[in-house]
Amino acid sequence: MRDMSMTLDLTLTSLLSNCDRLQGVNMFSQKFIRHALLLSSRGKSGIRCRFRSTQAIAEKVTDGFVEDLRSIVGKANVSTAEAVRDQHGHDESYHETTLPDAVVFAQSVEHVSKVAKLCNDNVVPLIPFGSGTGLEGGINALKGGVCLDISQMKNVIEVNAEDFDCTVESGVTRGELNSYIRDTGLNFPVDPGADASVCGMCATSASGTNAVRYGTMRENVLNMEVVLADGTVLWTAGKNKRSRKTSAGYNLTNLFVGSEGTLGIITKATIRLYGIPEATLSAVVHFPSIQEAVDTTVQVMQCGVPIARIEFLDEAAIDAFNKYSKFDMKVAPSLFLEFHGSPSSVEEQKEVVEEIAKMNNGSNFKWATNADERNRLWKARHEIVYACTALVPGSKPYSTDVCVPISNLPAVIVQTKEMLKKENLVGPIVGHVGDGNFHIFFPVDHDHPEALTKIKAMSEKMSLLAMEMHGTCTGEHGIGMGKRELLEKEVGIEGLRAMQIVKNAFDPNQILNPGKIFPV
Ligand SMILES: Cc1cc2c(cc1C)N(C[C@H](O)[C@H](O)[C@H](O)COP(=O)(O)OP(=O)(O)OC[C@H]1O[C@@H](n3cnc4c(N)ncnc43)[C@H](O)[C@@H]1O)c1[nH]c(=O)[nH]c(=O)c1N2
Ligand SMILES: CC(C)C(=O)C(=O)O
Ligand SMILES: [Mn+2]
């Protein structure tokens, strides 16, 4: 860490600005709706191949090195069995498995620190493994080495109900946390659908269906305990700190959020909690066209409705959804909605959204008031990726993930749909449209490499279109190994160089999750 202070002060100030995107506006007057309408009309399990690690690394992970790992974490917590390495060599995406040479199950931050130091001293790659639900090949051991599974560190360290925050260890998943705090009347709403580890969600800057109301991980992490490549343990906002605001120096917390295991291993996270809303109401509404569904979204957002979820599914997605989850919805472009608040505020939001949807020819509103109906709806929505892969037996999901400023969303989705048609590709579209973020789900069968080539070309075109429209190639899944070649196009050569300077300062031996984020 010798050179860190020298290199960081040149580059970090502009990178680490904090953004607060949570919405507080709540204006429902007719005047406001008209203004917003005017604004918008003006502008606007398959077969996997397994690669072995590179020879040079395999030679470093000798029997002696494995013995050293065992002496740190105990014999039972190190495995070189092929089945265990296989399970840790891929996430839930289409990326083909790449095996680590050994898997270590850490039980404490001391274990993590000593394993990191050992790997750093021997220049052996070290890949943090959260719960393996990522979608960009983040945990693939591209250069072999040690996969550090931190999922067994499962303590909830503290819950400060009166301050609406808590601190968890790396293995606690979102679902486990919410079960643990159920009696407090609080919950952690950031919801990627999968039951990912909270620290893994920090590492990928995850979001999902609730982010439109509660923000992404970036807005919800207050502090993190991180182990650096050389074994140093630090708290990004200072030990035991959990204030809502800070102006103290660089924002290290936001630097580690979204760092995808390339800068350090997140062993604890202090995050914000929210009161479980007094009233919740979900609804589904169908539209004659994609344009009308997405226009509705834009107008709802421009009116400042504090909607908790506003999810778009095109007709192909609804069809897959019906078949997989045994629903019988009208096969048409649709919005899934959810409102949170007091009973009167929910009623007010409902009325405004219903009116906007109707102005855009939305029909067949179905309201889900009881918890069972709502849970069934959202469970099915979160399984949509499996519904889409079920369209091609034996396939794995390839998901695009662009995000654009909300006013550009209708144009981007409509153009995407036209591109799909032109390329003759099957790809249901699903989106967290309140944030301007959407996915195409392509079922990928590795027995048909020509189809994968076509899908990759389409995905790149979409990313370029999103960037042109002032957006990003990844709203929430991260760069991983799938989007490395797009990063420079997005942040520019200067941005990429600044990121490389940060990487080199924190990880001079390049041991942390090598091959990820940066172009090859
Ligand atoms: C069905 C379904 C649906 C969705 C999603 C997945 C699936 C399977 N996802 C993606 C996924 O849930 C998300 O990327 C998680 O944040 C990954 O958390 P894991 O704990 O599984 O990390 P995983 O183990 O998959 O690791 C992901 C990356 O983070 C690193 N990492 C993990 N834990 C770390 C730690 N403690 N310290 C440092 N680095 C660490 C890894 O090295 C890797 O690079 C998603 N996402 C989303 O944002 N919105 C969505 O809507 C969805 N929807
Ligand atoms: C790619 C997936 C599973 C996703 O992000 C979603 O369903 O929103
Ligand atoms: Mn998503």
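Residues numbered from 1 in each chain as written. Chains lettered and ligands numbered in written order. Predicted model: local features only at pLDDT ≥ 70, side-chain atom pairs only at ≥ 80, totals over all residues. Heavy atoms only, no water.

Going by an unreviewed UniProt entry, the chain carries the name Probable D-lactate dehydrogenase, mitochondrial and comes from Littorina saxatilis. UniProt's Subunit (unreviewed entry) comment on the chain is quoted here verbatim: "Interacts with CSRP3." We quote the UniProt Catalytic activity (unreviewed entry) comment for the chain here in full: "(R)-lactate + 2 Fe(III)-[cytochrome c] = 2 Fe(II)-[cytochrome c] + pyruvate + 2 H(+)". (UniProt positions renumbered as here; feature names shortened; annotations may be inferred.)

Our next topic: the overall build of the chain. Helix and strand counts for the chain come out as 19 helices and 21 strands. Within the structure as shown, the chain displays about 21700 Å² of accessible surface, and the carbon and sulfur contribution to it stands at 52%. (Helix = DSSP H or I, 4+ residues; strand = E, 2+ residues; numbered from the N terminus. Areas by Shrake-Rupley, 256 points an atom, 1.4 Å probe, with all protein chains shown as cover.)

Let's shift gears to the domain arrangement of the chain. In terms of domains, the chain is made up of domain 1 (6–55), domain 2 (58–151), domain 3 (156–275) and domain 4 (279–468). Inter-centroid distance (C-alpha atoms) of domain 2 to domain 4 is 36 Å. Across the contact, five residues belong to domain 2 and nine residues belong to domain 4. Between domain 2 and domain 4, a total of about 610 Å² is buried, with carbon and sulfur atoms accounting for 55% of that surface. The largest share of the area that domain 2 buries against domain 4 comes from Glu-92, Tyr-94 and Glu-96, three residues that together contribute 77% of it. There are four residue pairs in polar contact (both at pLDDT 80 or more) connecting domain 2 and domain 4. (Domains from an automatic or database assignment. Contact = heavy atoms within 4.5 Å. Buried area = accessible area lost by both parts, 1.4 Å probe. Polar contact = N/O pair within 3.5 Å; in protein donor to acceptor, adjacent residues only side chain to side chain.)

It is worth spelling out the coordination of the manganese ion (ligand 3) at this point. Protein-derived ligands of the manganese ion (ligand 3) are His-432 (NE2), His-439 (NE2) and Glu-476 (OE), with the metal-ligand distances lying across 1.9 to 2.2 Å. Taken together, the six donor atoms coordinating the manganese ion (ligand 3) and their angles of 75 to 174° define a geometry best described as octahedral. Within one chain, the residues donating to the manganese ion (ligand 3) are spaced in sequence as H-x6-H-x36-E. Of this pair, His-432 sits in strand β20 (residues 429–432) while Glu-476 is found in the loop between α18 (449–468) and α19 (487–506), placing the two residues 44 residues apart along the sequence. When sorted by exposure, His-432 lands in the same class as Glu-476, which is buried. (Donors = N, O, S within 2.8 Å, 3.2 Å for Na, K, Ca; no water. Tetrahedral: all angles 85-135°; square planar, octahedral: opposite > 155°, others 65-115°. Buried < 20%, exposed > 50% of the residue type's maximum accessible area, 1.4 Å probe, protein only.)

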